[in-house]
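Architecture and fold: a report
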Amino acid sequence: MKRNEKAAASLAEVQLNREYVIHEVRTNDEELKNFLFTLGCYEGEKVTLLSVLSGNYIISVKDARYCVDKELAEAIIV
Amino acid sequence: MENLIVTLIIVVIVAAAAGKIIVEKRKGAKCIGCPHGQACSSTDCSSSDFS
Amino acid sequence: MKVALTGNPNSGKTTLFNAITGRVERVGNWPGVTIEKKEGVVKQRLHQEKNEIIVVDLPGAYSMSPFTSEESITSDFVKNEKPDVIINIVDAANLRRSLFFTTQLLELGIPVVVALNKSDLLKKKGIVLNVELLAKRLGCPVVKTIATGGSNSGLKELMAAVVGAKGRQQTAPFNGAGMQLTDQEAERAVDKKRFAFVDKIVDEVEEKKISSNGQTKQDAVDKILAHPWLGLPIFALVMWTVFSISQTHLGPFLADVFVGWIDSFYVWAEGLLAAGVSPVLRAILLDGIIGGVGAVVGFLPLIMVLFFLLALLEDCGYMTRVAVVMDRFFKRIGLSGKSIIPMIIGTGCAIPGVMAARTIKNERQRRTTVMLTPFMPCGAKLPVIALFSGVFFNHAAWVGTLMYFVGIAIIVIGALIVVRITGEKNVRSVFILELPDYKFPSIKRAAVSMFAKAKAFIIKAGTIILLCNAVVQIMQTFNWQFQVVAEGAEHTSILAGIASPFALLLIPLGFGTWQLAAAAITGFIAKENVVGTLAVVYSITNFIDVEEFALVGGATTVAEVMGLTSAAALAYLMFNLFTPPCFAAIGAMNAEMENKKWLASALLFQLSTGYVMAFITYQSGTFLTTGAPGTGFLPGLIVVAAIIGTMAYLVRKGNQKAAKKLVLTV
């Protein structure tokens, strides 16, 4: 069964260790969006979920590793 | 006579201590005990970046 | 010649700065901002110029977007101070993100030199970089550096490139400046193109054997260290090891030797003073100055070992993992994992700890962290802990450990109270933290840091503590008519006169004597003074090895001299540990709070906490050991009840505020 790509999943729900393309950064916080942007986290960029540790999500964007909490992970739609 | 010498010694020690404090304050050190006394108000005071 | 140093956080910027300037720092002020400027002079052996080269350390930034405040410091600096050259430090393993900032810097019209740092890790990570091509594409010199030092650190080459770049015309390979920057959408579109440009360069220049987007060995280590269930116990174990080594094993071992020297010095000085010298002067010099300072300095080895271990801990990158582990728990009390870092630093000294809170974006969280960080016993409080555990509890290790746990408990409760009072119980904030690679901590750097702290400690002892002790000694020797106080009439001395009113307030806490009140008060100048002042008012000079008292007798004598029961001693210890910190730390708090109301509230909270903790400890301890409450139970109870009542009231009001806010957002 083909997965409907438009039924977007957030980074909190995807498989580990697989590269995804960011579809949207869904948040009302503009400052956050800008900050994420400067890290290379925006539509069209690749992101990987490396692991889930202690309730937080370790992600890789542009060769750098970050730890984000669940809320932020849920805002990144792939 | 010895009293005078001892008093002098005490005064010298105290004056030196006070003097050192004044000199450090003039240079801008926020706390005399901190190794980063001069730069203690810069962006990060530990040896690594955390932001 | 003036050079600006900038780059992404975690790129090794501070290390590089220290490496090229040798930490000769000067301070100034950024116009309009409270962050102070850090300047240094480049070591003469790194360059050939006659005049000195000044390096200014700009705050770490990911970009120069006009929408964030810290990063505008960079553009303001360039506009106002016109540096000759900009050194852009870039993590060699992280070009795709780092070069974004680089291309922005290249547009400023000032010659840029890229320091490709951590270049020693490239081979380990299986990355090959074509540095010449990179330099060509960027249009500026690129120098490989290893800021942590060594023979091929590249620092000389870097400075040579910097000197050579002066006066050169800097062209920008990607020019975003010309485009419209009126709104965010346009800005974002330009930045996307910028990233695309960077990607193109990196594709040409970099060859990666291992995909860095996959899991690595670092992640495997993280899985254990930041494990949801193991993470916390591991952290507790690590901290316990640090304190155990510095306070129970290596530290006291070295201290014993050290104190032996101090004692010999005291005896030698005592011998020098002939019998004819007035006893007053004798007391001032021997007990006040040498004895008082000696009592404090005896703790130097413990503090040195502690700082050494903390430096190792900070250097290896474990701290960020601790933040990850603690975030889950801290979220429940209204803070984020980032708040743990100031607190860990605070176990060394609260002032850099408070400064470290600067990285917390959320204002309330930052201020709460600032208020709570001093509750972690700092290095200066160690002598106090060691003194009391030694004299009253036979050096039992649990005393010190208990203090840290109490500190943690207070932090948790304090955070909960604050978040409720401010009505932000339901407000969410974001947690994002970059995870740097683990690295083997540099023993050399830790040693340097340790000796710097040791030197500062000795200076502090020789100045502030010395003066305080001398003053205390004098105030204790004379009464208000400037006559020498007779033996047994100490309570008529100036010191007693000043301290006694405060002592009254402390009666319900079990230590309502003027000597102890005086010691606590001097503690605000420096916490070590508590030990120093006690040494002076009780004429004791050796606190570490209390069995070897040549002067006063055995350990029990010290306890008797102070007139404290174990419960009262514990209460006194808590009082000194959990009240507002030394004035210097309060000054740091003031700088970070940026709000007088918050500062006042924080100080009141700290004062209240000390009082309440001491009261509970003393009264319940006395009750448990003797079956009856201690002195001043009722008045103390009234005060404590009033304090708790006020807090409860404020919390309730805050909860109402939070409920209202919730309604508004729905």
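Cut-offs and rules
- The residue numbers shown here count from 1 along each chain, following its written sequence.
- Each chain is given a letter, starting from A, and each ligand a number, starting from 1, according to the order in which they appear as written.
- With the structure being a predicted model, the display of local features is reserved for residues of pLDDT at least 70 and the display and counting of side-chain atom pairs for 80 or more, all residues being used for whole-chain, interface and lining totals.
- The way it works is that DSSP assigns letters per residue, a run of H or I at least four long becomes a helix, a run of E at least two long becomes a strand, and they are numbered from the N terminus.
- By the convention adopted here, residues make contact when the C-beta atoms placed from their backbones lie within 7 Å.
- Exposure criterion: with C-beta atoms placed from backbone coordinates, a residue whose C-beta has 20 or more other C-beta atoms within 10 Å is buried, one with 12 or fewer is exposed, and one in between is partly exposed.
- A pair of strands counts as paired when DSSP detects no fewer than two bridges linking them.
- Helix axes are fitted only over the stretch in contact, all axes being lines through C-alpha atoms; the angle between N-to-C directions runs from 0 to 180 degrees.
- Gly is put with the polar residues, along with every residue not named as nonpolar or charged; the nonpolar set is Ala, Val, Leu, Ile, Met, Phe, Trp, Tyr, Cys and Pro, and the charged set is Asp, Glu, Lys and Arg.
- Here, a nonpolar core means buried Ala, Val, Leu, Ile, Met, Phe, Trp, Tyr and Cys residues linked by C-beta atoms lying within 7 Å of one another.
- For classification, angles of less than 35 degrees are called roughly parallel, those exceeding 145 degrees roughly antiparallel, those between 65 and 115 degrees roughly perpendicular, and all remaining angles oblique.
- Scored from 0 to 100, pLDDT reflects the predictor's confidence in each residue.

Our focus in this paragraph is the overall build of chain A. Helices and strands together make up the secondary structure of chain A, namely 2 helices and 6 strands. Starting at the N terminus and walking to the C terminus, you meet the elements of chain A as β-β-α-β-β-β-α-β. Long-range pairs, those at least 24 residues apart, make up 50% of the contacts in chain A with a sequence separation of at least 6.

So, about the overall build of chain B. For chain B, the count of helices and strands is 1 helix and 0 strands. Classification of the 51 residues of chain B by burial places 47% in the buried group.

Here we take up the sheet that holds strand β1 (residues 19-21) of chain A. Taken together, 5 strands build an open sheet; the order of strands is β1(A)-β3(A)-β4(A)-β5(A)-β10(C) and the sheet is antiparallel. Two strands in the sheet have a free side with no partner beyond their single neighbour: β1 of chain A together with β10 (432-434) of chain C. When the angles between neighbouring strand axes are averaged without regard to direction, this sheet yields 35°. Both strand β5 (residues 64-69) of chain A and β10 of chain C contribute to a ladder of 3 bridges, which runs antiparallel. In the sheet register, C67 of chain A faces β10 of chain C, and the bridge partner there is L433 of chain C.

Facing the 28 residues of chain A at the interface are 35 residues of chain C. At the level of elements, α1 (30-38), β3 (46-53), β4 (56-61), β5 and α2 (70-75) of chain A are the ones that each hand at least two residues to the side of chain A that touches chain C. Looking at the side of chain A that touches chain C, the element that brings in the most residues is β5 of chain A, giving 6 residues. Classifying every residue of the side of chain A that touches chain C gives 11 nonpolar, 10 polar and 7 charged.

A separate point is the environment of P436 of chain C. Residue and element names in this part refer to chain C. Within the secondary structure, P436 is located in the loop between β10 and α18 (443-477). We classify P436 as buried; it has 23 C-beta atoms within 10 Å. For the pair P436 and G317, spaced 119 residues apart in sequence, the C-alpha to C-alpha distance is 6.5 Å. Setting aside residues no more than four positions away along its own chain, P436 makes contact with N10, G317 and T320.

Turning our eyes to something else, we now look at the pairing of β3 of chain A. Residue and element names in this part refer to chain A. Relative to β3, β1 is paired through 3 bridges, and the arrangement is antiparallel. The residue bridging Y20 from the neighbouring strand is V47, located in β3. Looking at chain direction, β3 and β4 are connected through 6 bridges and run antiparallel. Bridge pairing links T48 to S60 in β4. Joining the antiparallel neighbours β3 and β4 is a turn of 2 residues, in which S54 adopts a positive phi near 50°.

Generally speaking, soluble globular proteins have nonpolar side chains that are buried together. Counting residues in hydrophobic clusters, the biggest one holds 163 residues, and the most contacted among them are I59 of chain A together with A571, Y572 and A614 of chain C. When neighbours within four sequence positions are excluded, Y572 of chain C is seen to be in contact with F511, L516, L564 and A614 of chain C. Among the nonpolar cores identified, the runner-up in size contains 55 residues, and V3, V56, L134 and A161 of chain C belong to it.

On to the packing of helix α9 (residues 231-272) of chain C against helix α10 (residues 279-297) of chain C. All names here are of chain C. Running from N to C, α9 and α10 cross one another at 170°; their axes reach a closest spacing of 10 Å. On the basis of their axis angle, the class for α9 and α10 is roughly antiparallel. Listed contacts from α10 to I262, Y266, A269 and E270 of α9 are L286, I290, G291, G294 and V297. Tallied by class, the residues present in the contact of α9 with α10 amount to 6 nonpolar, 2 polar and 1 charged.

Let us now look at unusual backbone geometry. Most peptide bonds take the trans form, and the phi angle of most residues other than glycine is negative. All names here are of chain A. Residue K62 is not a glycine yet carries a positive backbone phi of 50°. Counting through the fold element by element, K62 comes out in the loop between β4 and β5. Residues other than glycine seldom take positive phi values, yet D63 does so here, at roughly 65°. With respect to the element layout, D63 can be found in the loop between β4 and β5. Given 21 C-beta atoms within 10 Å, D63 falls into the buried group.

Inspection of the secondary structure assignment puts I411 of chain C in helix α17 (residues 397-421). Those residues within four positions of I411 of chain C in sequence are excluded, and the remaining contacts are M343, L372 and F375 of chain C.

Bringing the confidence of the model for chain A into the picture now. Atomic detail in the predicted coordinates should be set aside for any region of low pLDDT. Counting all residues, the mean pLDDT for chain A is 80, and 90% of those residues have values of 70 or more. In this model residues 1-6 of chain A is a low-confidence stretch, pLDDT under 50, and it forms 0 contacts with partners more than four residues away in sequence or in other chains.

Turning next to the pairing of strand β1 (residues 2-7) of chain C. All names here are of chain C. Extensive coverage of β1 is indicated by the burial of 5 of its 6 residues. Note: β1 against strand β4 (residues 54-57), 4 bridges, orientation parallel. Note on β4: the bridge partner recorded for K2 is I54. Two elements, β1 and strand β5 (residues 85-91), share 5 bridges in a ladder whose sense is parallel. Among the inter-strand pairings, V3 is bridged to a residue of β5, identified as V85.

Attention now goes to the confidence of the model for chain B. Residue and element names in this part refer to chain B. Scored by pLDDT, chain B has a mean of 64; 49% of the residues are at 70 or more. The low-confidence segment residues 37-51 (pLDDT under 50) makes 62 contacts with residues lying over four places distant or belonging to another chain. Taken together, the chains of this predicted complex give a pTM of 0.81 and an interface ipTM of 0.83.

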